[in-house]
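Results of the structural survey
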Amino acid sequence: MAVLLFAGIAVAILFSIFFFMKSGKEMPKNWSQLVAEIKVQQVGFFGIVEDILLRGANKVDLYKQPGKIALVTGGNRGIGLRIVKKLVECDIEVILGVRNPDASKKAVEKYLTEEGNLLAGAKLHYEQLDIGSMKSVRAFASRVQAKFDKIHLLINNAGVMGVPYKLTDEGFESHMAINYYGHFLLTHLLIPQLRAAGSPECAARIVNVSSCVNKVGDIKYGDINRTKDYYPAEAYNQSKLVQVLFAKHTNLQFEEDNVPIRSYAVHPGVVNTDLFENSSTTYIPWLRQLLFKNPEQGSRTIVYAAIAPELEGKGGTYLSNCRLTTCHRFWKNSVQCDKLFRFTCDTLGIKDFFHKEPSK
Ligand SMILES: NC(=O)c1ccc[n+]([C@@H]2O[C@H](COP(=O)([O-])OP(=O)(O)OC[C@H]3O[C@@H](n4cnc5c(N)ncnc54)[C@H](OP(=O)(O)O)[C@@H]3O)[C@@H](O)[C@H]2O)c1
């Protein structure tokens, strides 16, 4: 084990140096950024090794579930597109929350047609959503609520990685806004629809698409937007850590309150998608093709978390390669989960996240 760890660190350092030299990407500016970069490369390296070793475990049984409704953010390309395909194969009706509904419709219809004429009979709805804008999230949720009384599966998938520093119009750093705050708010707004869909035998499910880098994430409460000393990898890691803690906390509350909704967090694998466009690996595409999962393989654990009957009663778990596994040490720390939850409610002005008070 120690030898493997040492080898991993050595490979991570070599990869970091090699990739940076090839890519012309901005070099880490200080010690803390260098350490962050090495940690990411190391977690990525072990992620790839795990994906290769557990290739046989990474599978999901698709079965027909007519009458169910799923909502997927960012289902127009990458892993999300393959999630949508699998849900369609299960006869699940899918609402896609996407930035460009017309272009997304074309892309999804083309893909489903090419993949064995799955379009016939597919029930798909395309709704405009910029998940990084809380205004857009509220408008989107209102439209969804007006059309659907029930949502059985909420898959919080849309995301960005390694983007340059930018604050949204509402003053949130992009990784936090898109990967976390938008999904936090959306989940809050759709709890009535999820609760209506769930039953004691078959809970509605929320799946947060996180990443293995949550393990090296930290939460800078004093500077959550990372205005000082911004390093994209650190911002991404933070946004993926808070996603898992959010799933853990909501699940605990649902269980305590006997609400038929369960939350899961997932690492999809290290997957060859456009997510890496700001990564140094962009400059070495053959490496990604050779070693990374393809997007279809990347969608499996997410769909598994959403539909696997054996996960009934196992909410509040973190999955990778269709298996329960461990993540950041805060995962089992309810004080940290609660702290983050309160911080986020305060940040977004949410008073009653779980809709416990009767609406007036
Ligand atoms: N690829 C990996 O190795 C990997 C590993 C761990 C975790 N993940 C996670 O998996 C999820 C999917 O990633 P991917 O690899 O499929 O990436 P991708 O191919 O780059 O797709 C990203 C998706 O998110 C959508 N999106 C981005 N910003 C958005 C916004 N502001 N509003 C609405 N939608 C937005 C994109 O829509 P547009 O077409 O409009 O841009 C697109 O559908 C992400 O949460 C990512 O963090 C991926």
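The following paragraphs examine the structure supplied in this document. In this text the structure is predicted, and so the values were computed from the model without any measurement.

**So, the overall build of the protein chain**
When its secondary structure is counted, the protein chain shows 10 helices and 8 strands. Relative to the globule expectation of 21 Å for 360 residues, the C-alpha radius of gyration of the protein chain, 20 Å, shows essentially globular dimensions. By its C-alpha atoms, the protein chain is 55 × 50 × 40 Å across when sized along the principal axes. Residues classed as buried in the protein chain amount to 57% of the 360 residues present. Residue pairs in contact within the protein chain that sit at least 24 positions apart in sequence constitute 76% of those at least 6 positions apart.

**Digging into the environment of asparagine 237**
Looking at the element boundaries, asparagine 237 is found in helix H7 (residues 232-256). Counting along the chain gives 27 residues from asparagine 237 to serine 210, while the straight-line C-alpha distance between them is 9.4 Å. In this structure asparagine 237 touches Val40, Val213, Asn214, Val216 and Gly217, once residues within four positions along its chain are discounted.

**Quick look at the site of the ligand**
Inspection of the region around the ligand gives 29 residues, with Asn76, Arg77, Arg99, Val271 and Thr273 positioned closest. Asparagine 157 has a polar backbone atom sitting 2.7 Å from an oxygen atom of the ligand. Within the backbone of glycine 269, an N or O atom sits 3.5 Å from an oxygen atom of the ligand. Protein burial of the ligand: of its 890 Å² of free accessible surface, 94% is covered by the chains. Only helix H3 (78-89) and H7 provide two or more residues apiece to the shell around the ligand.

**Some points on the nonpolar core**
Among the nonpolar cores identified, the biggest contains 68 residues, and Leu71, Phe184, Leu186 and Phe353 are the most heavily contacted of them. For this core, the secondary structure elements donating two or more residues are helix H2 (31-53), strand S1 (69-73), helix H5 (134-147), helix H6 (174-197), strand S5 (204-209), H7, strand S6 (261-267) and helix H10 (334-348). Among the elements that take part in this core, H6 stands out by supplying 12 residues, more than any other. Non-local contacts of phenylalanine 184, meaning those with residues more than four positions away in its chain, are made with Phe246, Phe341, Thr344, Cys345, Leu348, Ile350 and Phe353. Counting 37 residues, the second-largest nonpolar core is a separate cluster that includes Val88, Leu96, Leu118 and Leu124.

**Side note on the pairing of strand S4 (residues 153-156)**
Judged by which residues are buried, S4 turns out to be covered on both faces: Leu153 and Ile155 on one side and Leu154 and Asn156 on the other are all buried. The pairing of S1 with S4 spans 3 bridges and is classified as parallel. Note on S4: the bridge partner recorded for leucine 71 is leucine 154. In the sheet, S4 pairs with S5 via 4 bridges, with the strands oriented parallel. Looking at the pairing, isoleucine 155 lines up with valine 207 of S5. Handedness of the crossover is the feature at issue here: the chain leaves S4, passes through H6, returns alongside S5, and the resulting connection is right-handed.

**Structural notes on the pairing of S1**
When you tally the buried positions in S1, you get 5 out of 5 residues, the bulk of the element. Here S1 shows a buried face lined by Ile69, Leu71 and Thr73 and a second buried face lined by Ala70 and Val72. Handedness of the S1-H3-strand S2 (residues 93-98) crossover: right-handed.

**As for the pattern of salt bridges**
Applying the stated rule across the entire model yields 16 salt bridges. Residue aspartate 51 pairs with lysine 293 through a salt bridge whose shortest N-O separation is 3.8 Å. Of this pair, aspartate 51 sits in helix H2 while lysine 293 sits in the loop between helix H8 (285-291) and helix H9 (295-307), and the two are 242 residues apart along the sequence. According to the relative accessible area criterion, aspartate 51 is buried, its value standing at 6%. The exposure class of lysine 293 is buried, given its relative accessible area of 6%. A salt bridge links arginine 342 to aspartate 338; the shortest N-O distance between them is 2.8 Å. Linking arginine 342 with aspartate 338, this pair stays in helix H10, spanning 4 residues, or about one helical turn. Among the ionic contacts, a cluster of salt bridges with common partners joins Lys85, Glu89 and Glu115.

What counts and how
- Residues numbered from 1 in each chain as written.
- Predicted model: local features only at pLDDT ≥ 70, side-chain atom pairs only at ≥ 80, totals over all residues.
- Heavy atoms only, no water.
- Helix = DSSP H or I, 4+ residues; strand = E, 2+ residues; numbered from the N terminus.
- Rg over C-alpha atoms; globule rule 2.2 N^0.38 Å.
- Buried < 20%, exposed > 50% of the residue type's maximum accessible area, 1.4 Å probe, protein only.
- Contact = heavy atoms within 4.5 Å.
- Near = heavy atom within 4 Å.
- Polar contact = N/O pair within 3.5 Å; in protein donor to acceptor, adjacent residues only side chain to side chain.
- Areas by Shrake-Rupley, 256 points an atom, 1.4 Å probe, with all protein chains shown as cover.
- Core = buried A, V, L, I, M, F, W, Y, C linked by side-chain atoms within 4.5 Å.
- Pairing = 2+ DSSP bridges.
- Right-handed = clockwise from strand over helix to strand, strands pointing away.
- Salt bridge = Lys/Arg side-chain N within 4 Å of Asp/Glu carboxyl O.

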